[in-house]
Amino acid sequence: MSGGTQEYGLLTFSSTHTALRAEVLLRDLNVRMMPTLREISASCGISLRLPPQAGEEAQARLTGAGLTGWRLYHVLSEGKKPVCTLISPKE
């Protein structure tokens, strides 16, 4: 992507414990811990940023490990305010 456009996946969690456990499970997918975006609420405040192409693998690993209380978003940031789209779980 060119210019100031950024695209990535963002995992949010209902608890800090789950976020830390997920970080260990997904370490090799090039995840980075970051604060949860203001545009997304209902989170413990810690999120994992991952490459957009790693979303499906991340979901499979989290589900396989029996982790609950997480959500995966697609984030597209072209200006000041990012656009966050819920990918999973579908509501």
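Residues numbered from 1 in each chain as written. Predicted model: local features only at pLDDT ≥ 70, side-chain atom pairs only at ≥ 80, totals over all residues. Heavy atoms only, no water.

## Notes on the environment of K80
The topology assignment puts K80 in the loop between β4 (70–77) and β5 (83–88). Residue classification places K80 among the exposed residues on the basis of a relative accessible area of 88%. Considered as a pair, K80 and G4 are 76 residues apart in the sequence and their alpha carbons are 9.9 Å apart. (Helix = DSSP H or I, 4+ residues; strand = E, 2+ residues; numbered from the N terminus. Buried < 20%, exposed > 50% of the residue type's maximum accessible area, 1.4 Å probe, protein only.)

## Some details on the pairing of β4
Both strand β1 (residues 6–13) and β4 contribute to a ladder of 8 bridges, which runs antiparallel. Residue pairing across strands places L11 opposite L72, the latter belonging to β4. Connecting the antiparallel pair β4 and β5 is a turn made up of 5 residues. (Pairing = 2+ DSSP bridges.)

## Brief notes about the sheet that holds β4
In space, the 5 strands of this open sheet follow the order β2-β3-β1-β4-β5, with antiparallel pairing throughout. Edge positions in the sheet fall to β2 (32–35) and β5, since each has one partner strand and no second. For this sheet the average axis-to-axis angle between neighbouring strands, irrespective of direction, equals 35°. As paired elements, β2 and strand β3 (residues 46–50) share 4 bridges and run antiparallel to each other. Bridging across to β3, R32 finds its partner in R49. Running at roughly 25° to β3, helix α1 (residues 16–25) makes contact with β1, β2 and β3 of the sheet. The strands that helix α2 (residues 55–64) touches are β1, β3, β4 and β5; relative to β4, the one it contacts most, it runs at about 165°. (Axes fitted to C-alpha atoms, helices over the stretch in contact; angles between N-to-C directions. Contact = heavy atoms within 4.5 Å.)

## Let's talk about the state of the cysteines
Enumeration according to the criterion identifies 0 disulfides in this entry. In this structure C44 is not part of a disulfide, and its nearest cysteine sulfur, from C84, lies 16 Å away. For C84, a relative accessible area of 23% corresponds to the partly exposed category. (Disulfide = S-S within 2.5 Å.)

## Structural notes on unusual backbone geometry
Keep in mind that most residues, glycine aside, have a negative phi and that most peptide bonds are trans. A cis amide bond, omega -5°, links S88 with the succeeding residue P89. Relative to the helices and strands, P89 is located in the segment after β5. Located in the positive-phi region is N30, a residue other than glycine, with phi close to 65°. Within the secondary structure, N30 is located in the loop between α1 and β2. Judged by its relative accessible area of 55%, N30 falls in the exposed class.

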